[in-house]
Every structure is written in C-alpha cells, then in structure tokens.
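Structure assessment
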Amino acid sequence: MINSKTKLICLLGHPVGHSKSPEMQNVALELDEINAKYMAFDVKPENLKEAVEGLKAVNFMGANVTIPHKENIMKYVDELTEEARNIGAVNTLYIKKGKLIGDNTDGRGFILSLMEDGGFDPKDKKILILGAGGAAKAISTKLVMEEARELNIFDLDEQKSEMITDNIKKINVKTEIKIIKKCEIEEIAKSVDLIVNCTPVGMKESDPLLLNGNVFSEKQLVFDLIYNPKKTKLLLEAEKKGAKILNGLGMLVYQGALSFEKWTGKKPNSNKMKNKIEGE
Ligand code: NAP
C-alpha cells in the first residue's frame, strides 16, 4: 500500500519501457515489507542533471541507471565507489550519510552468475569477450580484478576495444590483454575457456550467428548477456557442440539484488526475483 511514508526508488534510462527491473524489484520490496516503490523514468540525456536534482529534493531512496546515462551520471554524484571508478560507469545510486553515492553492480552481478550459476572461476582462465561497449567495460574490469590469465577483446570498432584495454591495464598488470581482429576470432574462440557475448547480436530473430559453430567444444562455457530470447543462436549452437551455456538472466537478477542491498541494507530473495521475470 502506498502512503505518506512510501519512499521512491527508480530507474533512470532512455528508453526504459522494456525493463524488467520494476517487476523484480517491487516483488523483492513487497516480500521484505519495505515501504518503497520502484518506478522506471524515461529521462532524456539533456534532462539528466535536473532529474537527479529533483530526486535528491524529494529525498529518494536510490536508483538504477541504465543506457545512455551510465557514464554521464558520474558528474552528478558526490562520491564514486572504487568499483564504479575502476569501471568508469555507474548503474546504482544510493544515499550514505546524506551524500549521493554512485556504484556499479553490473560486474559483480556478472561474476556472481558466472560462479554460482555457471560454476566457473575466472582465475587463471583464458577468456574471449565479444563487444566492447558498456557491459563489456564492467565485465572486463571485474575479470581482470579476479585475475583471469588472458583477456581477448573483439569489437567491430577496434577503437572501443582499445578504450577498454587502456582502462583495465591500470587495474591489474598480471592479466594479458589482447585486442582481436576479425580474421583471428575463430582461432582464438577455439582456444578459450570462456566466451562472453557482450554485443546485442542475438536479440532479434533475424540476427546472424555470432561465431561459426565449429569453434565450440565440451570444455567451454559460453555466457550470453542476452536473456530474451532465453537461448540465442549462439547458445543453441554452443549447446549442440557440448559446451556449457548461460544466459543473462542470472546477471540481471544478481546486479539488481546487489543494488537492493545498497538501498535497503537487506539481502533480497533473488530466486523470487528471478521467478517473477521468468513469468513463473
Ligand atoms: P553497447 O554499449 O551498445 O555495446 C555493444 C557493443 O557491441 C558495441 O560496441 C557494438 O558496436 C558491438 N557490436 C555490435 N555488433 C557486433 C559484432 N557483430 N561483433 C562485435 N561487436 C559488435 O551495449 P551494452 O550496454 O554493452 O549491452 C550489450 C548487450 O548486453 C545487450 O544485449 C544488453 O541487453 C545486454 N546486457 C545484459 C545485462 C544483463 O544483466 N543480463 C546487463 C547489461 C547489458 P557498435 O556500437 O559499433 O554497434
């Protein structure tokens, strides 16, 4: 029930209509009997500063931040967590001692899903990341912090791979980081322990298969950040060749659960959050 004490938690993005976060966060808030509601707000880039000022003025509880605001929002917070600073992006806002803090739970959400759902420890592993956008930035940073042995990054735009590489080289010099060219991709893909799809390729039925089916093997894990469809062409092909597969649902739930903990100080029921967005 909404009353005069109900607090606001929100999602700031543009667009936000597709987001599953309101459903899964409101279920968790209700289960823990927290008097707060989670709402999605479509905020155009030119209105971001005013939106943050308005939220502070109405004493909001916290927020998630998504495309295209994850980097711009950094200008409007009082402090960044070490994680957000390392990644260079914010997906969570919370209030601590009256200060607005910018954090990033995407990378931690990914690692939790990788370890808990996939049973895969990235330490000393050889990994291929497809795509060098926002999600790849958070994931690569975390994989380097977890001491992966070798990180291979491929994007059609080599400049984007270079930007990620420059950022993560500052964090851990132990991990070998390589920018992969299109002509090298199959050979590298065959040799890695883990392949992570951080491109949006596979969301649409008409999308092509990202990697040739002959690269997959039984000793690999293929992690696709996409969760709708549940199995992309990439995952179906990898599964056919005996590889272990994982979609992005677990990451979505874990990053949301970590944000929830920052806002409320409580660990939410992540199984119930997952069931809600799976429509069970
Ligand atoms: P983004 O910032 O747009 O990055 C995607 C990157 O992939 C871009 O650099 C893009 O290049 C590149 N790319 C596109 N097609 C490619 C191809 N065929 N080969 C290599 N690189 C290619 O998007 P994002 O925010 O990182 O999100 C990426 C995907 O992850 C989306 O599907 C998103 O829904 C998903 N995601 C899931 C979660 C989760 O919790 N499960 C969290 C975050 C993101 P161009 O820009 O040049 O096209």
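Here's what I pulled together on the structure shown here. (Residues numbered from 1 in each chain as written. Predicted model: local features only at pLDDT ≥ 70, side-chain atom pairs only at ≥ 80, totals over all residues. Heavy atoms only, no water.)

Concerning the pairing of strand E10 (residues 194-197)
Threshold: Exposure classes here rest on a 1.4 Å probe applied to the protein chains alone. A residue is buried below 20% of its type maximum, exposed above 50%, and partly exposed in between. Runs of E in the DSSP output that reach at least two residues are strands. Runs of H or I that reach at least four are helices, and both are numbered from the N terminus. If DSSP finds at least two bridges between two strands, the strands pair.
With burial as the criterion, each face of E10 is covered, one bearing Leu194 and Val196 and the other bearing Ile195 and Asn197. Where strand E7 (residues 126-130) lies against E10, four bridges are found, and the strand directions are parallel. Looking at E10, one finds that Ile127 is bridged to Leu194. Judged from the four bridges that link them, E10 and strand E11 (residues 221-224) form a sheet pairing that is parallel. What sits directly across from Ile195, in E11, is Val222.

Describing the site of the ligand
Rules: Near residues are defined by distance, with any heavy atom within 4 Å of the molecule or strand qualifying the residue. Throughout this description, a polar contact denotes any pair of N or O atoms lying within 3.5 Å of each other; where both atoms belong to protein, one of them has to be capable of donating a hydrogen while the other can accept it, and for residues adjacent in sequence the pair is counted only when both atoms sit in side chains. All accessible areas in this document rest on Shrake-Rupley with a 1.4 Å probe, and a residue is counted as covered only by the protein chains that are shown.
Near the ligand you find 22 residues, and of these Gly134, Ala135, Asp155, Lys160 and Gly248 are the closest. Note that an oxygen atom of the ligand is positioned 3.0 Å from one of the backbone N or O atoms of Gly134. Within the backbone of Leu225, a nitrogen or oxygen atom sits 3.0 Å from a nitrogen atom of the ligand. With the chains in place, 74% of the 920 Å² that the ligand exposes on its own is no longer accessible. Of all the secondary-structure elements, those providing two or more residues to the shell around the ligand are helix H5 (134-145) and helix H9 (249-264).

Quick look at the pattern of salt bridges
Put simply, the rule reads: Salt bridge, as applied in this entry: a Lys or Arg side-chain nitrogen positioned within 4 Å of an Asp or Glu carboxyl oxygen.
Under the counting rule described, the total for this entry stands at 18 salt bridges. With its nearest N and O atoms 3.7 Å apart, the salt bridge here joins Glu30 to Lys37. Accessibility expressed as a relative area gives 24% for Lys37, which makes it partly exposed. The closest approach of N and O atoms between Glu261 and Lys267, which form a salt bridge, is 3.8 Å.

Observations concerning the packing of helix H1 (residues 21-31) against H9
Note the following rule: Here the axes come from fitting lines to C-alpha atoms, over the contacting stretch only for helices, and the angles between their N-to-C directions go from 0 to 180 degrees. In this scheme, roughly parallel covers angles under 35 degrees and roughly antiparallel covers those over 145, while 65 to 115 is roughly perpendicular and the rest are oblique. Crossings are sorted by hand: turned counterclockwise from the far helix by less than a right angle, the near helix makes the crossing left-handed, and turned clockwise it makes it right-handed. Here a residue-residue contact requires only that any non-hydrogen atoms of the pair lie within 4.5 Å. Each residue is assigned to one of three groups, with Ala, Val, Leu, Ile, Met, Phe, Trp, Tyr, Cys and Pro labelled nonpolar, Asp, Glu, Lys and Arg labelled charged, and all others, Gly among them, labelled polar.
At a minimum axis distance of 11 Å, the contact between H1 and H9 shows a crossing angle of 45 degrees. Relative to H9, the element H1 lies oblique. For the pair H1 and H9, the crossing hand works out as right-handed. Residues Met24, Gln25, Ala28 and Leu29 of H1 form the contact with H9, whose own contacting residues are Leu252, Val253, Gln255, Gly256, Phe260, Trp263 and Thr264. Looking at the contact of H1 with H9, its residues break down into seven nonpolar, four polar and no charged.

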